[in-house]
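Chain residues, written in single-letter form:
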Protein chains: 2
Amino acid sequence: MASGKTAAGDRPGNAARAGDGAGPGSPGNAGGPAAGGRTPAGGGTGGGSPFADDNETAGGALTGYLREQATAFLRGMSLRGESEYDADHLLRRSARRIAGVLHTYAPLTDPSWSEPLRAELGWLSATLGREPQYVERLTRLLEALRRLSLPAAPEPIRTEGPGGGANGAADTAAGGGPLALGAARAAALLERQLTLARTRAHSATLQAMGSSRFHGLADSIAVLASDVPLSAAGDEPAAAVLPPLAGQAYQRLSDAADALPLHRAANPYNAEAMRASLGAELTADLQDSPWQQVRILLRLSRYAAEVPGAGAPDDPRTAEASLLLQRHREAAESAAAVAAAARTPRIAPATAYALGVLHADQRHEVEAARFAFSRLWQWSATDPQAAQPPVATAAPPGARLPGAPGR
Amino acid sequence: MASGKTAAGDRPGNAARAGDGAGPGSPGNAGGPAAGGRTPAGGGTGGGSPFADDNETAGGALTGYLREQATAFLRGMSLRGESEYDADHLLRRSARRIAGVLHTYAPLTDPSWSEPLRAELGWLSATLGREPQYVERLTRLLEALRRLSLPAAPEPIRTEGPGGGANGAADTAAGGGPLALGAARAAALLERQLTLARTRAHSATLQAMGSSRFHGLADSIAVLASDVPLSAAGDEPAAAVLPPLAGQAYQRLSDAADALPLHRAANPYNAEAMRASLGAELTADLQDSPWQQVRILLRLSRYAAEVPGAGAPDDPRTAEASLLLQRHREAAESAAAVAAAARTPRIAPATAYALGVLHADQRHEVEAARFAFSRLWQWSATDPQAAQPPVATAAPPGARLPGAPGR
């Protein structure tokens with residue numbers, strides 16, 4: 001618990017509670033999640049070591065993991081004064097993990113306690129997630145418009161994540177080369193609309209953080225740091241209870257992934273993601289939703305594997321797959337935002353034309369993400385335990401989307 | 001010469017001349033080209049057998065090939081009454097081959113005769129080529145609009161070549177599903193503009209076919225069927241003269257192809273062809289022209305290989321490569337046509353938006369053609385003599401563009 005104590009050191013109350021509730025499992029898994037908590041930008045692979053001692057109970061292992069995440073959550077609250085971005089990232093990160101693990105290991109906890117908590121955690125991460133999404137979306141779209149207006153040249157590096165910020169991206173786009181008139185107008189329109197949405201999301205976040213609803217949630221997280229209301233199943237040995245539940249989560253994931261049109265998506269330039277471009281919004285949603293569903297199941301399976309003793313080692317390829325499906329989602333939502341902007345009344349035809357090109361470009365990013373995921377997933381299906389980076393080997397380098405590192 | 005006589009049977013004068021001028025080579029190569037002449041839609045691989053007897057002169061081999069093409073040309077003229085499409089196809093096909101072979105084997109003929117003839121042949125095939133191009137373009141764009149407006153479903157089969165015709169394509173597009181309003185307007189706009197261009201091209205063709213310029217060209221082709229003004233080099237043995245010249249043509253091709261950004265293009269979703277979409281027209285031309293250049297050199301090399309004794313067997317992969325670069329050109333020119341349509345004054349934003357999506361879609365077809373060509377070319381570079389179909393093996397199935405058969 002050394003790292004855990006350090007992390008929560010500025011909150012003696014919680015540190016004390018954490019100390020009191022230290023279960024047999026905690027020494028084994030102090031490293032992973034607390035370390036993940038200390039590095040908010042550390043990517044999605046943080047989590048406890050998959051190994052736990054044999055005489056640990058399932059409840060002990062779960063409690064240890066939840067305690068680490070709760071500590072990170074409370075630390076995120078204390079961080080908000082310094083950096084809202086890091087704080088919100090940490091809060092979202094731990095909220096998603098707590099909710100996900102409570103879902104996967106539901107039989108181990110008292111549902112009358114865990115289900116309302118999961119709902120509140122879902123509300124919080126959704127609320128906190130909006131502003132970064134708008135920032136990322138604007139960055140991505142301005143970058144794409146810039147790329148679409150540039151003559152052929154070495155590909156510009158994508159601004160990664162919401163770090164770029166709208167103004168930063170706008171400067172890049174402006175400095176990157178002479179935007180065609182329509183593209184410039186389209187950029188201005190998108191910047192206006194997405195900046196407005198971002199501002200609204202920001203005040204919504206501030207409102208949420210000041211709300212009694214949030215304080216109620218924070219209290220139950222603080223309680224979580226001390227003790228978790230376990231069910232009878234919690235007393236059984238971790239090795240007997242956790243692996244089957246984690247296995248079910250992985251099974252739900254792989255069933256949903258295998259139901260995807262992977263074979264078609266693995267053929268480059270299948271133009272499948274473009275089909276809906278001029279159809280109703282609905283068709284695009286219908287086409288994208290199975291992929292979004294897999295993204296969520298993938299996340300649940302990864303979090304489940306982070307619990308020590310879950311048996312499933314945190315597979316680096318699932319992290320890669322998450323990145324790709326994250327990009328799938330960003331591209332799909334960006335394309336939808338462009339389509340919405342194109343419905344703005346009284347825009348110039350040149351602006352609409354540029355938006356049309358941009359929409360198609362983002363739909364092709366969707367297709368590219370599906371391509372990379374399909375190659376990765378079909379590859380890992382054939383050889384699930386191999387260790388080398390999958391995308392780099394399974395798919396041609398070009399399939400590695402800008403920003404998705406070839407890890 | 002049996003087939004040759006049959007072909008020119010309805011033009012006794014030429015048949016007689018053809019008979020008089022029968023060189024030593026003609027028995028050896030009567031089959032291929034005449035057969036090619038008899039089947040106008042027989043694809044690009046028609047031509048003399050690559051094998052010629054050893055004691056044949058270079059001039060004899062060239063004369064024999066040119067005679068066959070001239071016979072096909074004159075037959076094309078006589079066909080115009082029955083089917084303008086077949087006739088023009090045959091005329092264009094033989095005109096391109098005569099001009100190309102005169103270019104590659106220029107040292108064998110008197111330049112003061114061959115160069116003006118080549119210029120006239122270029123004029124004719126350019127004139128005859130326009131109408132089918134507009135038909136193909138409209139078919140392609142209406143088909144693409146239809147595909148872009150349909151919900152995800154089995155991919156529609158592309159209408160191949162200019163055979164489809166504008167009205168046919170319009171029916172397909174209308175019947176294929178509910179076009180979004182903007183897409184429907186865009187389709188109507190493109191149909192209006194391209195049908196007008198097609199009509200103009202048609203009357204230009206009729207005018208050309210009735211012009212004294214064409215009759216002058218026809219006369220020199222008729223002369224060509226009897227005797228070719230050869231240079232001194234024409235007396236040397238074919239085996240000593242033709243292979244080096246054919247080799248030079250292939251060398252020019254492979255140098256130009258190797259100068260292409262093949263490695264980048266072989267990575268799917270490199271988004272390179274999209275760069276220019278919103279930039280100036282010029283940037284797209286600059287980006288496409290090296291590929292167009294390779295397309296022309298590829299054609300020259302293929303025609304050169306058709307001359308018996310040229311040594312280079314007519315490689316099926318060059319035919320495949322020609323198909324892909326043909327598709328590259330069609331997609332690039334279609335995208336340009338869409339951009340031009342988008343500059344129509346007073347179009348509705350929804351129309352401009354649909355045109356923007358369509359433009360991007362066609363630029364992605366350009367990228368897909370480059371991808372397939374790169375895979376094919378890099379593959380054939382590693383193993384130029386292997387016989388199995390290249391695209392099917394070298395590139396994933398998806399790389400095989402709709403309409404480009406996996407031969």
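Treat the numbers as computed from the prediction; the structure is a model and nothing was measured. (Residues numbered from 1 in each chain as written. Chains lettered and ligands numbered in written order. Predicted model: local features only at pLDDT ≥ 70, side-chain atom pairs only at ≥ 80, totals over all residues. Heavy atoms only, no water.)

(A) Up close: the overall build of chain A. If you tally the helices and strands in chain A, you get 16 helices and zero strands. The proportion of buried residues among the 407 residues of chain A is 55%. Across chain A, every contact between residues at least 6 apart in sequence was considered, and the portion connecting residues at least 24 apart equals 84%. Accessible area for chain A stands at about 15300 Å²; split by element, carbon and sulfur atoms hold 59% of it. (Helix = DSSP H or I, 4+ residues; strand = E, 2+ residues; numbered from the N terminus. Buried < 20%, exposed > 50% of the residue type's maximum accessible area, 1.4 Å probe, protein only. Contact = heavy atoms within 4.5 Å. Areas by Shrake-Rupley, 256 points an atom, 1.4 Å probe, with all protein chains shown as cover.)

(B) Local environment of unusual backbone geometry. Residues and elements named next belong to chain B. Phi angles above zero are rare outside glycine, and Tyr269 is one such case at about 60°. Along the polypeptide, Tyr269 turns up in the loop between α12 (262-265) and α13 (281-306). Positive phi, close to 60°, is recorded for Ala271, a residue that is not glycine. If you trace the backbone, Ala271 turns up in the loop between α12 and α13. Since its relative accessible area comes to 11%, Ala271 is described here as buried.

(C) Local environment of the packing of helix α9 (residues 181-210) of chain B against helix α14 (residues 316-342) of chain B. Residues and elements named next belong to chain B. Taken N-terminus to C-terminus, the directions of α9 and α14 make an angle of 105°; their axes are 10 Å apart at the nearest point. In terms of axis orientation, α9 runs roughly perpendicular to α14. Residues Leu189, Leu190 and Gln193 of α9 pack against Ala337, Val338 and Ala341 of α14. Each residue belonging to the contact of α9 with α14 can be placed in one class, and the counts come to five nonpolar, one polar and no charged. (Axes fitted to C-alpha atoms, helices over the stretch in contact; angles between N-to-C directions. Parallel < 35°, antiparallel > 145°, perpendicular 65-115°, else oblique. Nonpolar A, V, L, I, M, F, W, Y, C, P; charged D, E, K, R; others polar.)

(D) Main features of the nonpolar core. Within the largest apolar cluster, 52 residues are counted, with the highest numbers of intra-cluster contacts made by Leu355 of chain A together with Leu355 of chain B. Of all the elements in the fold, those that place two or more residues in this core are α7 (111-149), α9 (181-210), α14 (316-342) and α15 (349-382) of chain A together with α7 (111-149), α9, α14 and α15 (349-382) of chain B. With sequence-adjacent residues up to four places away left out, Leu355 of chain B is seen in contact with Tyr353 of chain A together with Ala186, Leu189, Leu190, Val338, Ala341, Ala342 and Ile347 of chain B. Ranked by size, the runner-up nonpolar core spans 42 residues in total, among them Leu66, Ala208, Ile221 and Ala238 of chain B. (Core = buried A, V, L, I, M, F, W, Y, C linked by side-chain atoms within 4.5 Å.)

(E) The packing of aromatic side chains, seen in detail. Applying the stated rule across the entire model yields nine aromatic pairs over all chains. The interplanar angle of 55° and the centroid separation of 5.5 Å between the aromatic rings of Phe371 of chain A and Tyr269 of chain B together place this pair among those described as tilted. One end of the pair, Phe371 of chain A, is in helix α15; the other, Tyr269 of chain B, is in the loop between α12 and α13, on a second chain. Comparing Phe371 of chain A with Tyr269 of chain B shows no difference in burial state: the two are buried. Seen from their ring centres, Trp291 of chain B and Phe373 of chain B are 6.0 Å apart, and the 80° between their planes marks the pair as edge-to-face. In this pair, Trp291 of chain B is assigned in helix α13 and Phe373 of chain B in helix α15, connecting sequence segments 82 residues apart. Neither Trp291 of chain B nor Phe373 of chain B differs from the other in exposure class; each is buried. Among the aromatic residues, those joined into a cluster by ring pairs are Tyr269 and Phe371 of chain A together with Tyr269 and Phe371 of chain B. (Phe/Tyr/Trp six-rings, centres within 6.5 Å; stacked < 30°, edge-to-face > 60°.)

(F) View of the packing of α7 of chain A against α14 of chain A. All names here are of chain A. The interhelical angle for the contact between α7 and α14, taken along N-to-C directions, is 75°, at an axis separation of 10 Å. The angle between α7 and α14 places the two elements in the roughly perpendicular class. Between α7 and α14, the residues in contact are Gln133, Glu136, Arg137, Arg140 and Leu141 and Arg327, Arg329, Glu330, Ala331, Glu333, Ser334, Ala337 and Val338, respectively.

(G) Region of the structure containing the pattern of salt bridges. With the rule as written, the count across this model stands at 32 salt bridges over all chains. Glu333 of chain A is the salt-bridge partner of Arg329 of chain A, the closest N and O atoms lying 3.9 Å from each other. One end of the pair, Arg329 of chain A, and the other, Glu333 of chain A, are both in helix α14, four residues apart, so they sit about a helical turn from each other. For Arg329 of chain A, a relative accessible area of 15% translates into the label buried. The salt bridge partner of Arg147 of chain B is Glu365 of chain B, with a shortest N-O separation of 3.8 Å. (Salt bridge = Lys/Arg side-chain N within 4 Å of Asp/Glu carboxyl O.)

(H) Summary view of α7 of chain A. Relative to the 57 Å expected for 39 residues at 1.5 Å per residue, α7 of chain A spans 54 Å between its end C-alpha atoms, a close match to the ideal helical length. A bend of about 30° at Arg130 of chain A is the largest found in α7 of chain A, and the proline Pro132 of chain A appears one to four places after it. (Expected span 1.5 Å × (residues − 1). Bend = angle between axes of the 7 residues up to and from the residue.)

(I) Representation of the side chain of Thr109 of chain B within the structure. All names here are of chain B. Here Thr109 shows up in the loop between α6 (84-104) and α7. What makes Thr109 buried here is its relative accessible area of 2%. The contacts of Thr109, once residues within four sequence positions are left out, are Leu62, Leu102, Ser114, Val228, Pro229, Leu230 and Ser231.

(J) Main features of the environment of Phe371 of chain B. Taking the relative accessible area as the measure of exposure, Phe371 of chain B reaches 0% and is therefore buried. C-alpha separation for the pair Phe371 of chain B and Leu324 of chain B, spaced 47 residues apart in sequence, amounts to 9.4 Å.

(K) Expanded view of the confidence of the model for chain A. Residues and elements named next belong to chain A. With 71% of its residues at a pLDDT of 70 or more, chain A has an overall mean of 77. Segment residues 1-50: pLDDT under 50, and 75 contacts once partners within four positions in sequence are set aside and those in other chains are kept. Segment residues 152-179 is flagged for pLDDT under 50; beyond a separation of four residues in sequence, or across chains, it makes 56 contacts in the model. In the predicted complex, the global pTM is 0.76; the interface-specific ipTM is 0.73. (pLDDT = per-residue confidence, 0-100.)

(L) Here's a closer look at α6 of chain B. Taking 1.5 Å of rise per residue, 21 residues should cover 30 Å, and α6 of chain B covers 30 Å from first to last C-alpha, within 8% of that figure. Counting buried positions along α6 of chain B yields 15 of 21 residues, so the element is predominantly enclosed.

(M) Here's a closer look at the environment of Gln292 of chain A. By the secondary structure assignment, Gln292 of chain A is in helix α13 (residues 281-306). In this structure, the C-alpha to C-alpha distance between Gln292 of chain A and Val307 of chain A, residues 15 residues apart in sequence, is 24 Å.

(N) Focus on the side chain of Thr318 of chain A. All names here are of chain A. Structurally, Thr318 can be placed in helix α14. Owing to a relative accessible area of 9%, Thr318 belongs among the buried residues under this scheme. Apart from residues no more than four positions distant in its own chain, Thr318 is found in contact with Leu298 and Arg302.

(O) Seen up close, the environment of Arg130 of chain B. For Arg130 of chain B, the location among the structural elements is in helix α7. Separated by 67 residues in sequence, Arg130 of chain B and Ala197 of chain B place their C-alpha atoms 8.9 Å apart.

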